[in-house]
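Understanding the architecture of this molecule
Here is how the chains run, residue by residue.
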Amino acid sequence: MDSRSGIYTGINRIPISATAQFGYSVGHILNDLCSSCWFTYLIIYLTEVLQKSKDVAGILMLVGQVADGLATPLVGIAIDKVGIQRYGKRKTWHLIGTACVAIAFSFIFHKCFGCEDSSELVQQVYYGAFIVMFQFGWASTQISHLSLIPVLTVCRKKIVFLNSVRSGLTFVCGIAVYLLMWYLLHAYGSNMEPLGPGDARAFQYLSLIVIGTGLLFSLLFHVMVRESSDEELRSQEEEGADLLGPKPTQRTIRCWLNNKKFYLVGIMYMFTRIAVNVPQVYLPLYLTSSLSLKKESIAYYPLMMLICSVIGSFLTRPLSKYIGKKGTYIIGAVLIMGSSFWFQFQPKANACPTYGATALIGAGSSIMLIMSLSMTADLIGINTATGAFVYGSMSLLDKISNGIVIAMVQHFHPDHCTPVDCPTAQYYRDTMSLIPGGAALLGSIATLVLAAMTFSRPGSQPDQRQIQRVEEQGGNNDNVISNAAREVEEGGGIEPSKED
């Protein structure tokens, strides 16, 4: 039971310790570091450094995203069923994923080892194989880490806190990657402009440093975090049931597939990821092609965006407290839509105002991402037995949709043009404007529909047992009704009704 609200949680758990909170927070750093390199630098590395065609770069990105998308729900199902009980099912998959990421990522940002002079097809297969291995490991680490939150704590404040810190560290990792890239381009890159094959060594050193740092924090995660076994969780649930009565029935996969909210939250999460990831991929190309900035700009402009993302992550808690999670999400979407207009009409002659657009998209993407993760955690609620399946399904939509969008952008790129009159500059303006802004708008619509469903469904009224309990204790009815409605609106802690 939540001691503050009196709402049944189904589990009487020991509060999560500060050590475990720290260990959990750093458990995704390897993924975060690799993700920053993957989305920000893979396309520009393949096309400008390795001199691959736009279509090949898009296909390799799509292969990675599809592999990640397919692996994610399968890994989610496997995490719920398979693993070393004494060590923890989720920690077991986290360890497997960490090993795959570390091995595969070291080859992706290097020249084709032993096949540098081979045919284009051979090199595509080479990079594609390591990309698939990397994405399987990335999915295993991500889903096992996300699905561990409801196991560690059922306190909504702690869930929001862990998601906020986790997302904040995601952006801190991005800042570290961009600072490192800035230094490496100066120290080991070529003296030629623009970015080219002479800068390959900077990318190689970047990948090795990222892997070493990430492995260190993964070790801290496995040492500091203890995952309860299924037997311990059942024992805790039974203890809670002795005090509070029978526990609510856990939702099965079939129940989730018949739940309208499951699809709405998935759509919202998909558009959120498109709004976050596409600018991360194409901002470097927008800077070098549309604004003709020097190659170091691919480090310090994304750095500015990530700094604002960190600031945005710390604004989510007070904002969600006063206007709710859905309202906070809408604010983040409005910031991204504003930045889209700015990117479209930013003049090439004066690039300094571009910092303002990057600041808006950084803060907005952080707010949208944190709120989408929190709403997903609320959707799962006490249904921890199938929590990994939910996260896996959300990520399936995310990965495949991002891969398709990026592959289409690469395919329709005006590759054959003269340097004097090339539409590439306007093409990247349109990419940075239309796709993030459109995704933010569609994500907001999905959130508004979700809010309308929440307030209109029969189960959205305050829990009468809770109101009666506080009446007997002499509580304030108006406050209780308001709090109960808010709990239902956030989707957490209350037994799901049959209408769901």
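To keep things clear, this report deals only with the structure shown in the data block. (Residues numbered from 1 in each chain as written. Predicted model: local features only at pLDDT ≥ 70, side-chain atom pairs only at ≥ 80, totals over all residues. Heavy atoms only, no water.)

Along its length, the protein carries 17 helices and zero strands. Residue burial in the protein is summarised as follows: out of 500 residues, 59% are buried. The contacts in the protein between residues at least 6 apart in sequence include a share of 81% that link residues at least 24 apart. As presented, the protein carries roughly 20,500 Å² of accessible surface, and 65% of it is formed by carbon and sulfur atoms. (Helix = DSSP H or I, 4+ residues; strand = E, 2+ residues; numbered from the N terminus. Buried < 20%, exposed > 50% of the residue type's maximum accessible area, 1.4 Å probe, protein only. Contact = heavy atoms within 4.5 Å. Areas by Shrake-Rupley, 256 points an atom, 1.4 Å probe, with all protein chains shown as cover.)

A word on the environment of G437. In this structure, G437 sits in helix α15 (residues 424-456). Classification of G437 by relative accessible area gives buried; the value is 10%. Separated by 99 residues in the primary sequence, G437 and G338 have C-alpha atoms spaced 7.8 Å apart. Those residues in contact with G437, other than ones at most four positions away along the chain, are I336, M337 and S340.

Inspection of the entire model under this criterion finds one disulfide. Disulfide pairing places C112 opposite C115 at an S-S distance of 1.6 Å. On the sign convention where negative means left-handed, the S-S torsion of about -60° between C112 and C115 marks this disulfide as left-handed. Judged by relative accessible area, C115 falls into the buried class, the value being 7%. (Disulfide = S-S within 2.5 Å.)

Now for the packing of helix α11 (residues 260-290) against helix α12 (residues 297-345). Put simply, α11 and α12 touch, their axes get as near as 7 Å, and they point 160° apart. Regarding the angle of α11 to α12, the classification is roughly antiparallel. The hand of the α11/α12 crossing is right-handed. Counting all contacts with α11, which are made through M268, T272, A275, Q280, L283, P284, Y286, L287 and T288, the residues of α12 involved are S297, I298, Y301, P302, M305, Y329, I336 and F343. (Axes fitted to C-alpha atoms, helices over the stretch in contact; angles between N-to-C directions. Parallel < 35°, antiparallel > 145°, perpendicular 65-115°, else oblique. Left-handed = near helix turned anticlockwise from the far one by under 90°.)

It is worth spelling out the environment of N259 at this point. Along the polypeptide, N259 turns up in the loop between α10 (253-257) and α11. One polar contact links the side chain of N259 to the main-chain amide nitrogen of K261, over a distance of 2.9 Å. (Polar contact = N/O pair within 3.5 Å; in protein donor to acceptor, adjacent residues only side chain to side chain.)

All right, on to the side chain of S207 then. With respect to the helices and strands, S207 occurs in helix α8 (residues 200-224). Once you skip the residues sitting within four places of it in the chain, S207 turns out to touch F105, F109 and H110.

Together, L441, L442, I445 and V449 make up a nonpolar patch on the protein surface, roughly 320 Å² of accessible area in all. With respect to the helices, strands and loops of the structure, L441 is situated in helix α15. (Patch = residues over 30% accessible without salt bridge, like charges linked within 9 Å, V, L, I, M, F, W, Y side chains within 5 Å. Salt bridge = Lys/Arg side-chain N within 4 Å of Asp/Glu carboxyl O.)

A few words now on the packing of aromatic side chains. Each aromatic ring pair is described using two quantities: the centre-to-centre distance and the angle formed by the ring planes. According to the stated counting rule, one finds 19 aromatic pairs in the structure shown. For the pair Y126 and Y127, a centre-to-centre distance of 5.1 Å together with 90° between the ring planes defines the contact as edge-to-face. Residue Y126 shares its accessibility class with Y127, and that shared class is buried. Pairing Y126 with F130 gives two aromatic rings, centres 5.2 Å apart and planes at 70°, and the pair type is edge-to-face. You can see Y126 and its partner F130 sitting in helix α5 (residues 120-146), four residues apart, about one turn around the helix. (Phe/Tyr/Trp six-rings, centres within 6.5 Å; stacked < 30°, edge-to-face > 60°.)

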